[in-house]
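Structural overview
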Amino acid sequence: FAPGLSLAADYYSISIDGAITALTAAEILRRCSLDQSNPLCAQIDRDPAGPGQTFGPLTRIRSSFFNIAAFETRGVDMELSYRTRLANLIAAAPGRTTFRLLAGYVDELIFDDGANRSDTAGDVGGTVILGVPRWRGVASAAYEDQRFIVDVRARYVGGGHFNSQPGAETSCDPAGRTALCPDVKSRTYVDLGVRYTLPFDVSGSSQFTLFANVANLFDRDPPIFPNRMHYDIVGRYFTFGARAKL
């Protein structure tokens, strides 16, 4: 009913027993502090306890890969795209245009080591192992003809709690955040790309292509102690290049 329009929505629900993951030293220490019988406590080395001490000084935490009891996640991925000749929108205009929207929602991301069960969906601070924002998305618009392509992209990364896991280093009581454990606001990053192709010969089989990209065009700052998997920590940066096809 609408040529060039594409819509898709995919729901996923994944459960894995005996999953393997890498835990950080901070996460091992947190889980052991919640339950002294947790097998992860064997990864912590301490000196002998002195007079009046329950535990000796901590000397080493061995971080490695571990078999956890279970991993569960569920959510929805969505896509909307529209591609058409520009002449269908502007009379006699050359080239084609494409609009695309990708969005993902994570309802839960659960790790269960047999002793502790934690859901890290919505925890986006740098101290949370494998925490993810609940919402992420990319909206893009592009124009192209035989030689020229320009596209602009807006990357959205949802915010969330810094660290709401039990036993977190700082209080994450939803009733009142502390300065060291604030809620993290969402970020939107804008990228811009341009590509131009010159033919070497009449047939067009030999080509020389110039391209340039600007990532994080408006130089958005990351949150404090960000999760590097999701938030841009570099700031605005440029890439330039050339390719030849002979």
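Conventions we followed
Residues numbered from 1 in each chain as written. Predicted model: local features only at pLDDT ≥ 70, side-chain atom pairs only at ≥ 80, totals over all residues. Heavy atoms only, no water. Patch = residues over 30% accessible without salt bridge, like charges linked within 9 Å, V, L, I, M, F, W, Y side chains within 5 Å. Areas by Shrake-Rupley, 256 points an atom, 1.4 Å probe, with all protein chains shown as cover. Salt bridge = Lys/Arg side-chain N within 4 Å of Asp/Glu carboxyl O. Helix = DSSP H or I, 4+ residues; strand = E, 2+ residues; numbered from the N terminus. Buried < 20%, exposed > 50% of the residue type's maximum accessible area, 1.4 Å probe, protein only. Phe/Tyr/Trp six-rings, centres within 6.5 Å; stacked < 30°, edge-to-face > 60°.

**Observations concerning a nonpolar patch on the surface**
A cluster of nonpolar side chains, namely Phe1, Leu5, Leu7, Leu80 and Leu101, defines an oily patch on the protein surface of about 580 Å² accessible area. Considering the arrangement of structural elements, one finds Leu7 in strand S1 (residues 5–17). By relative accessible area, which is 57% here, Leu7 ends up exposed.

**Examining the pattern of salt bridges**
Per the counting criterion, the structure on display carries 13 salt bridges. A salt bridge links Arg155 to Asp191; the shortest N-O distance between them is 2.7 Å. In this pair, Arg155 is assigned in strand S10 (residues 148–157) and Asp191 in strand S11 (residues 187–199), connecting sequence segments 36 residues apart. According to the relative accessible area criterion, Arg155 is partly exposed, its value standing at 25%.

**Regarding the packing of aromatic side chains**
Applying the stated criterion across every chain, the model contains three aromatic pairs. Ring centres of Tyr105 and Trp135 lie 4.9 Å apart, and the angle between their planes is 45°; this geometry places the pair in the tilted category. With a gap of 30 residues between them, Tyr105 in strand S7 (residues 96–112) and Trp135 in strand S9 (residues 135–144) connect regions that are remote in the sequence. A relative accessible area of 42% places Trp135 in the partly exposed class. Here the aromatic rings of Phe238 and Phe240 are separated by 6.4 Å at their centres, their planes lie at 5°, and the arrangement is stacked. On the accessibility criterion, Phe238 (48% relative accessible area) is partly exposed.

**Notes on unusual backbone geometry**
Excluding glycine, residues mostly carry a negative phi; peptide bonds, for their part, are mostly trans. For Ala92, which is not glycine, the phi torsion reads 70° and is therefore positive. Among the structural elements, Ala92 can be located in the loop between strand S6 (70–85) and S7. Its relative accessible area of 76% is what places Ala92 among the exposed residues. Positive phi, normally seen in glycine, also occurs at Asn216, with a value near 55°. Relative to the helices and strands, Asn216 resides in the loop between strand S12 (207–215) and strand S13 (237–245). Its relative accessible area of 0% is what places Asn216 among the buried residues.

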